[in-house]
Amino acid sequence: MKKIGLFGGTFDPIHNGHLHIARAFADELGLDMVVFLPAGDPYHKEETTRTPAHHRLAMTELAISDDERFAVSDCDIVREGATYTFDTVQIFRQQFPSAQLWWLLGSDSLLRLHTWKKWQTLVKQINIAVAARQGFSLHQAPQEIHAWLGEALQNGRLKPLQTPLYDISSTELRRRIGRNEPVSDFLDRRVENYIRQYKLYKP
Ligand code: ATP
């Protein structure tokens, strides 16, 4: 059976933390493919700080090109209106009806799972891998997901990745770039060049 990993994110910009957990995701679960899914542009006018989707998509394409298991899909970018993980997963279930699907999350995102559209149905349709993130332990899980969390850890539908923490965020990188601080340790060289070329994240 094919095993496919899905990895949604804003990727603003994609950084080595994303690549590090995606590699661990593929290695530890023996995935045939990991599809990166950059989020679309915000449909609420109020949220204007996000970099346009075509830039985030281009940076993601550059960053993943060395690993042949990695692919990018624009399916969350081309859909109109709000895009929910639930709907994205339905698209992949239709496209790969006999595959086992895995979704990758950082632990900060997992702790908000109960706020996602139809999350209880979603967790019956896919398996979830979680990468530890500094300051976000599964012990802090809100009451709403306690029962599911215990059961999913037991039956293997939720897999904590074993790979060490990689403590970086896009927020921190945007801040550093804005202040002309070095970022080479955290970004793919091609992504860094792209950011420079289009003068992204400059005040
Ligand atoms: P921002 O700082 O803008 O919120 P981010 O660095 O968290 O961005 P996203 O694109 O929002 O990046 O993250 C996509 C997914 O990757 C989320 O599930 C997030 O938890 C996870 N993630 C991002 N960076 C890391 C990291 N360093 N370690 C583990 N998980 C991470």
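Procedures and definitions
- Residues numbered from 1 in each chain as written.
- Predicted model: local features only at pLDDT ≥ 70, side-chain atom pairs only at ≥ 80, totals over all residues.
- Heavy atoms only, no water.
- Pairing = 2+ DSSP bridges.
- Helix = DSSP H or I, 4+ residues; strand = E, 2+ residues; numbered from the N terminus.
- Axes fitted to C-alpha atoms, helices over the stretch in contact; angles between N-to-C directions.
- Contact = heavy atoms within 4.5 Å.
- Near = heavy atom within 4 Å.
- Polar contact = N/O pair within 3.5 Å; in protein donor to acceptor, adjacent residues only side chain to side chain.
- Nonpolar A, V, L, I, M, F, W, Y, C, P; charged D, E, K, R; others polar.

> How should the sheet that holds strand β1 (residues 3-9) be read in this particular structure?
Whether parallel or antiparallel, the strands of a sheet pair through hydrogen bonds between backbone atoms. The strand order across the open sheet formed by six strands is β3-β2-β1-β4-β5-β6, and the pairing between neighbours is parallel. Because the sheet does not close on itself, it has two edges, and the strands there are β3 (70-72) and β6 (158-160). Each adjacent strand pair in this sheet contributes to an overall mean axis angle of 25 degrees, direction not counted. Relative to strand β2 (residues 33-38), β1 runs parallel, the two being bridged by six bridges. Following the sheet pairing, I4 is matched in β2 by M33. In the packing of helix α4 (residues 85-95) onto the sheet, contacts are made with β1, β2 and β4 (100-106), and the angle to β4 comes to roughly 150 degrees.

> Got a minute to help me understand the site of the ligand in this structure?
Neighbouring residues of the ligand: 21 residues in total, closest D108, R133, Y166, S170 and T171. Take S109: an N or O atom from its side chain is 2.8 Å from an oxygen atom of the ligand. Those elements giving two or more residues to the shell around the ligand turn out to be β1, α1 (16-29), β4, α5 (107-110) and α8 (170-178). Its residues assigned to classes, the shell around the ligand shows seven nonpolar, eleven polar and three charged.

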